[in-house]
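Observations on chain architecture
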Amino acid sequence: MNSAWFHIARRDVRAAAMSPLLWLILAAWTGVIHLVFTLTLITAHSPSVTMDAVTPLYVAALWAGSLILLLFAPALTMNAWSAERSQGTWQLLLSLPLRERDLIFGKFIAAWSMLTTLLLATIALPLTLSCVSEVAPGHLTACYVGMFLLAGFLAALGTWVGLLLDGPVATYIVTFAVVAVLWLAGAISPDGLFGALGSTLGLGPRIGQFLAGRIALADTLWFIAGITVFLTLAHGVLRAQRHYAAPSRWRRACAFGGPTIVMSLLGIVAVVAANRSGIAADLSADHRFSVSPALVGHLHGVKTHTELIGMWDDGDDGTLGPIADLCRRVSDLAPQMSWRRWDSTRHRPAIVAFESLHGPTARPSVWVVQGERAQCIELHRGSRKTIQRDLAGAFLTLADPHPSRVHFLVGHGELRSGGGAQDGCDVLAGHLKSVGLITGITDESTAAPPPRDVIAVLGPTASLGFAMLARLDAHLRDGGGVLVLADDRAPQDLGRWLRRRGVLISGAVPSDLITKNDLGSLLRDNAEVYPPCYLVSLNNYVRGKELDLANQNLFLRDPDRINPTANLTAPLINGERQLLAPFSIACEALSPKVVAPAGTPPFTADWLLRTLGGDVWEHRRGSPSFEIPNGLAAADARMLAWSLLYTPAHDAAASGHGGRLVVWGCRQAASDAVVSQAAYANGQLLAAACRWLAGQEPPPDVPEAELRPFQVVASEGTLDFLLTLLVAIVPVLFIGGALVAWFSQRR
């Protein structure tokens, strides 16, 4: 390339590469960025965190990077012209037969290239994230487009200010002061005259849109207009210094030259027009700026007047603003829908009247109201990623005049609401609501649920008692559905009940069945049983030696482990999804003839999940030994989950409907710690199972909650290695580059 500006830019970039300053800035830049990124990953990897990150895991580091760039950009651009003066080449540069625009553009491209080098040094962030999580390519692209435009904006500003002032220190101070004013302008309240001025000139909100995953035409043109204006100003300054031996301060600043005014006006017109057009691309990982096509499909089914009501105080608008924006967009798409938000103080009378109809209102929350019926969506930090799914579920529930309810059995050590990562089922409840089911609790003190409802027995660890087991029997006989999750801590009375219903789980296997092949022992309540054991995976522990993916975790994927022909599990195979089943126990379906003497009606059983042959063996909880048993390679696959459909009873409350039973030998498969991990489809499978148990069609198309880019799925060893590489090794390499550059200058 023979362009004059290219040779000027190449000379400046080479000079910067031979200077220790660029390498030291790279070391400091990567050190801070990687430290913020490391803290983000460690927080997201914490076992106590479920759906807590509100942005993809690299965004916090890039936000910090945008702030640090405001400090480092003036340092990299301050010598663009000062070095020419200090080296005595300033007059020579002015006397060369070069056009002013070539000099300006060459210096600008050199400064922009150096700032772009800082951005390229952060490529380790998405590379690391691809090993431990999922990178949303669209969101990442938006982030780097914004950072690239910000770098160009700062380079153009530094090019102009460097011509106005002679010393590098003064250039740094003034450049940083201008940037600080533009950044603080974005923090002004949007109300009033100064608010409008701040929203127009503010730098923070502009770059914030890119980091949020939105590329708006107005924001893009704002940066381009800023770059153009600063370069036009610099061109006027250089022209004045070339043609006037001692230009006045006014002429030297070229503050109101004709070209500057024209370019500024054109930039303002372009940005205003782009703002009014609203042209933007939503590339965010959680699609926060657009409405999912699946949700739009549900909106078409809303035929009655529907209100979306936000219940939170004015002070929470900053945090919950994205949810309000989404609800407003949803209401705009449906003519019969409206949106409003109520503050607990300003709208107290309206809230009191609302609570008299629909009961207490949780805050913060979004209510979907149709006449006298209403559905509440309670909000938390992760709601921005799931709000579209939750709205679709609310529309589904309200569309059904008699929606089915899933009753969580409580009082026997089951998973429960508010139980935390290991013992909670709040995330599962969210999945159930997203497919049009409502949730509640049941115990001995509550009334028996109707047949259209489902009783969920989520991993009890204490005896259920005769009365509760009789209720489960009656519910199945009346054509209802029962979901049972059990592990090696399941009570013996539940194991005996499952035996009589046609399912044999670990901890309920009679010893006489194994030693004497006595099938009658399956129906004897006093039969001696083998102690319960969970399944140990050879692939996940002994071969891999990976302590954090320990032997008790079974990863279920592909048609060998997930039934491709069963209605409940076929969608998982088609969607290439996998399941996580910690502390699983073997679960086998018995022949209907074996349990017929106990009064169990005939049934058909479909296996849902199983292990691979030669991969697992049984292990007692608490036993320190993990020795591989002899003959493991020839061992059969072990069944983990079954669905049973019983023939209708003649006296069933739901005439013509037989009872339905789903048994999965894994309690933790429904816990918040597992269901919240987007890499696994446990929530989708359990929601589909509950709809089947309620006698409903498969789950409709609902917006998927995009959680993977917000979570870390990796072992401690892998994460420690990658983070050590980022925080220690990379900055040290740049420090080494600074030393090499320093020694080169000394020679």
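Presented here is an overview of the structure given in this document.

Conventions and cut-offs
- Residues numbered from 1 in each chain as written.
- Predicted model: local features only at pLDDT ≥ 70, side-chain atom pairs only at ≥ 80, totals over all residues.
- Heavy atoms only, no water.
- Helix = DSSP H or I, 4+ residues; strand = E, 2+ residues; numbered from the N terminus.
- Buried < 20%, exposed > 50% of the residue type's maximum accessible area, 1.4 Å probe, protein only.
- Contact = heavy atoms within 4.5 Å.
- Areas by Shrake-Rupley, 256 points an atom, 1.4 Å probe, with all protein chains shown as cover.
- Core = buried A, V, L, I, M, F, W, Y, C linked by side-chain atoms within 4.5 Å.
- Pairing = 2+ DSSP bridges.
- Axes fitted to C-alpha atoms, helices over the stretch in contact; angles between N-to-C directions.
- Expected span 1.5 Å × (residues − 1).
- Parallel < 35°, antiparallel > 145°, perpendicular 65-115°, else oblique.
- Left-handed = near helix turned anticlockwise from the far one by under 90°.
- Nonpolar A, V, L, I, M, F, W, Y, C, P; charged D, E, K, R; others polar.
- Phe/Tyr/Trp six-rings, centres within 6.5 Å; stacked < 30°, edge-to-face > 60°.
- Lys NZ or Arg CZ within 6 Å of the ring centre and 35° of its normal.
- Patch = residues over 30% accessible without salt bridge, like charges linked within 9 Å, V, L, I, M, F, W, Y side chains within 5 Å.
- Salt bridge = Lys/Arg side-chain N within 4 Å of Asp/Glu carboxyl O.

**Side note on the overall build of the chain**
- When you go through the chain residue by residue, the secondary structure sums to 29 helices and 19 strands.
- Taking all 747 residues of the chain together, the buried fraction comes to 53%.
- Within the chain, counting contacts between residues at least 6 apart in sequence, those at least 24 apart form 76% of the total.
- Just so you have it, the chain exposes about 32700 Å², and 60% of that area is on carbon and sulfur atoms.

**Considering the nonpolar core**
- Ranked by size, the top nonpolar core spans 85 residues in total, and within it Trp-29, Tyr-58 and Leu-203 carry the most contacts.
- The element contributing the most residues to this core is helix α8 (residues 137-164), with 16 residues.
- Every residue in contact with Tyr-58, bar those within four places of it in the chain, is listed here: Phe-37, Leu-125, Leu-129, Val-135, Ala-136, His-139, Leu-140 and Cys-143.
- Val-662, Cys-690, Trp-692 and Ala-694 belong to the second-largest nonpolar core, a separate cluster that totals 44 residues.

**What about the environment of Ala-596?**
- Mapped onto the elements, Ala-596 comes out in the loop between α26 (592-595) and β16 (603-610).
- Note on Ala-596: relative accessible area 39%, which makes it partly exposed.
- Spatially, the C-alpha atom of Ala-596 lies 9.0 Å from that of Gly-502, the residues being 94 residues apart in sequence.

**Here's the deal with the sheet that holds strand β4 (residues 337-342)**
- The strand order across the open sheet formed by four strands is β4-β3-β5-β6, and the pairing between neighbours is mixed. A strand with exactly one partner marks an edge of an open sheet, and here the two such strands are β4 and β6 (373-378). Strand-to-strand twist across the sheet, computed as the mean angle between neighbouring axes with direction ignored, equals 20 degrees.
- Pairing of strand β3 (residues 306-311) with β4, which is carried by six bridges, proceeds in the parallel orientation.

**Description of α8**
- When the terminal C-alpha atoms of α8 are compared, their 41 Å separation across 28 residues agrees well with the 40 Å that a helix rising 1.5 Å per residue should span.
- Counted residue by residue, α8 has 23 buried out of 28 residues, so it is predominantly covered.

**Topic: unusual backbone geometry**
- The backbone phi angle of Asn-517 is positive, close to 55 degrees, even though this residue is not glycine.
- Residue class for Asn-517 comes out exposed when judged on its relative accessible area of 59%.
- In this structure, Phe-583 is a non-glycine residue whose phi angle is positive, near 50 degrees.
- Secondary-structure assignment places Phe-583 in the loop between β14 (579-582) and β15 (587-589).

**Section: the packing of helix α3 (residues 59-77) against helix α6 (residues 100-120)**
- Packing of α3 against α6 brings their axes to within 10 Å, and their N-to-C directions diverge by 140 degrees. On the basis of their axis angle, the class for α3 and α6 is oblique. Where α3 crosses over α6, the two elements pack in a sense that is right-handed. Residues Leu-69, Phe-72, Ala-73, Leu-76 and Thr-77 of α3 lie in contact with α6, whose contacting residues are Ala-111, Met-114, Leu-115 and Leu-118.
- For the contact of α3 with α6, the per-class residue count stands at eight nonpolar, one polar and no charged.

**Observations concerning the packing of aromatic side chains**
- Using the criterion set out here, one finds 17 aromatic pairs in the structure.
- Seen in terms of ring centroids, Trp-23 and Phe-734 are 6.2 Å apart; in terms of plane orientation they differ by 40 degrees. Their pairing is tilted. With Trp-23 in helix α2 (residues 20-45) and Phe-734 in helix α29 (residues 716-746), this pair connects stretches of sequence that are 711 residues apart.
- Since its relative accessible area comes to 17%, Phe-734 is described here as buried.
- Where Trp-342 meets Phe-354, the ring centres are 5.8 Å apart and the plane angle is 85 degrees; that geometry is what we call edge-to-face. Of this pair, Trp-342 sits in strand β4 while Phe-354 sits in helix α17 (residues 348-358), and the two are 12 residues apart along the sequence. For the pair Trp-342 and Phe-354, a shared accessibility class is recorded, and that class is buried.
- Its guanidinium or amino end placed over the ring of Phe-289, Arg-214 lies 5.7 Å from that ring's centre, counting from NZ or CZ.
- Against the face of Phe-583 rests Arg-621, its NZ or CZ located 4.4 Å from the ring centre.

**Observations concerning a nonpolar patch on the surface**
- Residues Phe-721, Leu-725, Ile-729 and Leu-733 make up a contiguous nonpolar surface patch of roughly 410 Å² in combined accessible area.
- Mapped onto the fold, Phe-721 is located in helix α29.
- Judged by its relative accessible area of 57%, Phe-721 falls in the exposed class.

**Remarks on the sheet that holds strand β8 (residues 438-442)**
- Here we have seven strands laid out as an open sheet, ordered β8-β7-β9-β10-β19-β18-β16, and mixed in their pairing. Looking at strand neighbours, the two that pair on one side only are β8 and β16, the edges of this open sheet. Going across the sheet, the axis of each strand differs from the next one's by a mean of 20 degrees, ignoring polarity.
- Pairing geometry for β16 and strand β18 (residues 639-646), over seven bridges, is antiparallel. Residue pairing across strands places Asp-606 opposite Ser-643, the latter belonging to β18.
- Sitting on the sheet, helix α22 (residues 492-501) is in contact with β10 (481-485), β16, β18 and β19 (660-664), with an inclination near 130 degrees to β19.

**Some thoughts on the pattern of salt bridges**
- Enumeration according to the criterion identifies 19 salt bridges in this entry.
- Here Asp-488 ties to Arg-621 by a salt bridge, and the two come within 2.7 Å at their closest N and O atoms. Of the two residues, Asp-488 is situated in the loop between β10 and α22 and Arg-621 in the loop between β17 (616-619) and β18; the sequence distance between them amounts to 133 residues.
- For Asp-488, a relative accessible area of 8% corresponds to the buried category.
- Residues joined by salt bridges that share partners form a network here, namely Asp-314, Asp-317, Arg-341 and Arg-346.

**Describing the environment of Ala-17**
- Note on placement: Ala-17 falls in helix α1 (residues 4-17).
- Taking the C-alpha atoms as reference points, Ala-17 and Gly-737, 720 residues apart in sequence, are found 9.2 Å from one another.
- When near neighbours in sequence (up to four residues on either side) are disregarded, Ala-17 contacts Leu-22, Trp-23 and Ala-741.

So, to be careful, I would describe these as geometric facts and stop short of saying anything about function.
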